[in-house]
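Structural features, examined
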Amino acid sequence: MAIFTLEEFFERFPYKVGDKVQHKGATSCGSVYVVEKMLWEGEKVKYIIRYLGGDYNGISTVTAEDLQPYEE
């Protein structure tokens, strides 16, 4: 398991509250989420993300390794 300083973490995983993201490997523009919260849990940062598409407004908890930036 890699251990990062806060600066190294944000350099590798630049996601902040309010950023639009997708699950790693997603290719559809319809799978966009917004970062609602960031929480330290043990040695990991957990992201609370909310789905932005359609009528479903689902909330999920993921790690930085599960995400990729959303590019319009």
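Our structure is the block above this text.
Let us look at the structure shown here. In this text the structure is predicted, and so the values were computed from the model without any measurement.

This brings us to the nonpolar core. Counting 13 residues, the largest nonpolar core has Phe-9, Phe-13, Tyr-15, Val-21, Tyr-47, Ile-49 and Leu-67 as the members making the most contacts within it. Listing elements by their share of this core, those giving two or more residues are β2 (33-41) and β3 (44-51). The element best represented in this core is β3, accounting for 4 residues. In this structure Leu-67 touches Tyr-15, Val-21, Gln-22, Lys-24, Tyr-47, Ile-49 and Val-62, once residues within four positions along its chain are discounted.

Further remarks concern the side chain of Gln-22. For Gln-22, the location among the structural elements is in strand β1 (residues 20-23). At 3.2 Å, the side chain of Gln-22 forms a polar contact with the side chain of Ser-31. Gln-22 has contacts with Ser-28, Cys-29, Ser-31, Val-32, Asp-66, Leu-67, Gln-68, Pro-69 and Tyr-70, leaving out every residue within four places of it along the chain.

Before going further, it helps to spend a moment on the packing of aromatic side chains. Summed over all chains, the structure comprises 5 aromatic pairs. Their ring planes at 80° and their centres at 5.5 Å tell us that Phe-9 and Phe-10 sit as a pair that is edge-to-face. For Phe-10, a relative accessible area of 29% gives the class partly exposed. Between Phe-9 and Phe-13, the aromatic rings sit 5.3 Å apart at their centres with planes inclined by 50°, giving tilted as the arrangement. Each member of the pair, Phe-9 as well as Phe-13, is classed as buried. Each residue in the set Phe-9, Phe-10, Phe-13 and Trp-40 is aromatic and connected to the rest through ring pairs, giving one cluster.

Conventions adopted
- The numbers attached to residues start from 1 for each chain and follow its sequence in the written order.
- Local features in a predicted model are, by the rule used here, given only for residues with pLDDT of at least 70; side-chain atom pairs are given and counted only at 80 or more, and totals for whole chains, interfaces and linings are based on all residues.
- Note: side-chain values were computed over all heavy atoms of the structure, leaving out hydrogens and water.
- Put simply, buried Ala, Val, Leu, Ile, Met, Phe, Trp, Tyr and Cys residues joined by side-chain atoms within 4.5 Å make one nonpolar core.
- Type-normalised accessible area, obtained with a 1.4 Å probe on protein chains alone, sets the label of each residue: buried when under 20%, exposed when over 50%, and partly exposed for intermediate values.
- A run of DSSP states H or I qualifies as a helix once it reaches four residues; a run of E qualifies as a strand once it reaches two. Both are numbered from the N-terminal end.
- The contact rule is simple, with two residues in contact once any of their heavy atoms fall within 4.5 Å.
- In protein, a polar contact means a hydrogen-donor-capable atom and an acceptor-capable atom, both N or O and within 3.5 Å, with residues adjacent in sequence counting only if both atoms are side-chain atoms; elsewhere, any N or O pair within 3.5 Å suffices.
- Geometry of aromatic contacts follows a simple scheme: Phe, Tyr and Trp rings, the Trp one being its six-membered ring, pair when their centres are within 6.5 Å, and the pair is stacked under 30 degrees between planes, edge-to-face over 60, tilted otherwise.

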